[in-house]
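Structural overview for review
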Amino acid sequence: MLVRRCVAGDAAAWEEIVRTYNRRIYNICYRFAGSASDAEDLTQEVFIKMYRTLSSYDSSKGAFVTWVTTITRNLLVDHFRKTKQDRLTDSIDAPVSAQEDAQPLSEQIQDQSAPPDQRVRSREVGESVHAALSKLSPELREAVILRDLQDFDYREIATVLKVPEGTVKSRINRGRAELARLLQRTYRQVM
Amino acid sequence: MPDHTSNGMQCHEFDLLLTDMLDGVLGGAQLDAFQAHARSCSVCGPLLAEVEAGRNWLKGLTEVEPPAGLVNNILASTTGVDSQRLRVNVAAQPQFSWWERVQAWISGAMQPVWATVRQPRFAMSFGMAFFSLSVALSMLGVKPADLRQISLRPAAIRHTFYNTQARIVRYYDNIRLVYELQAAASKIRRNVRPAEPGPAKPKEHKNDTTEQPEQKQERNYSQSDHQFLLAGAPLGPSVVYPLNQDLPVVSVTTYRRFV
Ligand SMILES: [Zn+2]
């Protein structure tokens, strides 16, 4: 098994783990944290923590991907709390987010005039959905990311978030509905 | 949500079945009741439409491509080895060959330290040490050309030997100073960089105070901001700390390299 080989000091096994999971972890971090540079730092942190604690992974307690995602999610919680504090105490950090907050999402979306090129348009839609996602509360955001972007089943999400499956489903419903409300004012006429 | 019954189904039941309905696993009478409730309930009908639309927006999001250097950066920050870069560094070393010969001649006793310094991961540090030594040597009046032009007559050799012995002692002191600085620097690096310890072996884990006790409690986003940033394995073996004792704080350093 890859993890056991890695704990035994097999560098190639570790490289395989990194290559297998970096994309998934990066995407979770990117969709949750919102920025590519934060996602890159967070992904590195996730792997550093994984590397240090790999020997504590117990395959009888769950799938490796669930374990990896739990580490990722825990770091995202820490990151969220840390950046929330930074936003409160550090005004240097404020300009971008303050600007975003000052301008309603619907206006941000409408600012981007739709070009005829379909690919550009779908990229802009993607950016709008990404921006709307960052407006969701972190509890709803992580639930929809794990379900709709990462295709985890409810039981796996419940394990990662350490809440009952019913709570997971309820958060997914609320997250999806909230996202639709943020987006539909702008896109109702074109969808 | 106002919890009234419409078409034999309550709103909270409807809410619980929403995900199943959208996953397509709802059938039979349950699906009929669900759809009837959606048509008749002024709250749940629009909710269904919103949830479905939200899911469709999210499903339309494509995966993003991680940065090109991410894997290498991860490997560098964990194992500390970026194999490709190191191979290049080793290949670029031949200009040190005369220095390696002089160094071997100066002292065999330096060999263990030298072996450590020659490890690829010290290549950069070695470069710095090399330049420092080059400067020190030229300040003491020794040039590579001098070494080639040393007279080989026995008397001249003896003369040169005693004459340079004093210098060599000074070189040695300089070298030792540099290596002591190197050793100190690498010790600091070992403490700072997560790369060094490697994956912890299970038996070491229990005594490893840099690790953090298992997080049994739910992590949420509204916990006190004054808490320390704790790094730990969610499923790791638990290490129990007394409640009044400060939990260990692990600082994590990530760095971006431009490869
Ligand atoms: Zn209802």
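Every value quoted in this text rests on a predicted model; they were computed, and no experiment measured them. (Residues numbered from 1 in each chain as written. Chains lettered and ligands numbered in written order. Predicted model: local features only at pLDDT ≥ 70, side-chain atom pairs only at ≥ 80, totals over all residues. Heavy atoms only, no water.)

A word on the packing of aromatic side chains. Evaluated as defined, the whole model comprises 10 aromatic pairs over all chains. Seen in terms of ring centroids, Phe32(A) and Tyr221(B) are 5.7 Å apart; in terms of plane orientation they differ by 25 degrees. Their pairing is stacked. Taken together, the positions of Phe32(A) in helix α2 (residues 11-33) and Tyr221(B) in the segment after α11 (202-205) put the pair across two chains. The class for Tyr221(B) is buried, based on a relative accessible area of 2%. (Phe/Tyr/Trp six-rings, centres within 6.5 Å; stacked < 30°, edge-to-face > 60°. Helix = DSSP H or I, 4+ residues; strand = E, 2+ residues; numbered from the N terminus. Buried < 20%, exposed > 50% of the residue type's maximum accessible area, 1.4 Å probe, protein only.)

What follows deals with the packing of helix α1 (residues 11-23) of chain B against helix α2 (residues 28-40) of chain B. All names here are of chain B. The contact between α1 and α2 brings their axes to 10 Å, and the two run at 115 degrees. Classified by chirality, the crossing of α2 by α1 is left-handed. Contacts between α1 and α2 involve Cys11, Phe14, Leu17, Leu18 and Met21 on the former and, on the latter, Gln30, Leu31, Phe34, Gln35, His37 and Ala38. Of the residues belonging to the contact of α1 with α2, the class tally is eight nonpolar, three polar and no charged. (Axes fitted to C-alpha atoms, helices over the stretch in contact; angles between N-to-C directions. Left-handed = near helix turned anticlockwise from the far one by under 90°. Contact = heavy atoms within 4.5 Å. Nonpolar A, V, L, I, M, F, W, Y, C, P; charged D, E, K, R; others polar.)

Helix length check: helix α3 (residues 36-53) of chain A (18 residues) gives 26 Å between terminal C-alpha atoms against 26 Å at 1.5 Å per residue, within 8%. Burial runs high along α3(A): 14 of the 18 residues are buried. (Expected span 1.5 Å × (residues − 1).)

What follows concerns the confidence of the model for chain A. Residues and elements named next belong to chain A. Of the residues in chain A, 82% reach a pLDDT of 70 or more, and the chain-wide mean stands at 86. Counting interchain partners and residues more than four positions distant, the pLDDT-below-50 stretch residues 91-103 has eight contacts. Contacts for the low-pLDDT stretch residues 110-115, under 50 throughout, to residues beyond four places or in other chains number 11 contacts. (pLDDT = per-residue confidence, 0-100.)

This part takes up helix α4 (residues 70-78) of chain B. Across the nine residues that make up α4(B), a large majority, eight, are buried. For α4(B), the complete set of buried residues consists of Leu70(B), Val71(B), Asn73(B), Ile74(B), Leu75(B), Ala76(B), Ser77(B) and Thr78(B). Buried residues belonging to α4(B) abut α2 and α3 of chain A. Following α4(B) by one or two positions, Gly80(B) adopts a phi angle in the positive range, close to 75 degrees.

Okay, the environment of Glu40(A) next. Residue and element names in this part refer to chain A. Relative to the helices and strands, Glu40 resides in helix α3. A residue is classified by how much of its surface remains accessible, and Glu40, at 10% relative accessible area, is buried. Sequence separation of Glu40 and Tyr30 is 10 residues, and the distance between their C-alpha atoms is 7.9 Å.

Looking now at the pattern of salt bridges. In total, this model carries 13 salt bridges over all chains according to the counting rule given. Put simply, Arg81(A) and Asp78(A) hold a salt bridge, and the shortest N to O gap is 3.6 Å. Remark: Asp78(A) and Arg81(A) occur in helix α4 (residues 64-89); sequence separation between them is three residues, near one turn of the helix. For Asp78(A), a relative accessible area of 5% translates into the label buried. Ionic pairing is found between Arg147(A) and Asp23(B), a salt bridge with its closest N-O pair at 3.2 Å. Within this pair, whereas Arg147(A) is found in helix α8 (residues 138-149), its partner Asp23(B) is found in helix α1, the two belonging to separate chains. For Arg147(A), a relative accessible area of 15% translates into the label buried. (Salt bridge = Lys/Arg side-chain N within 4 Å of Asp/Glu carboxyl O.)

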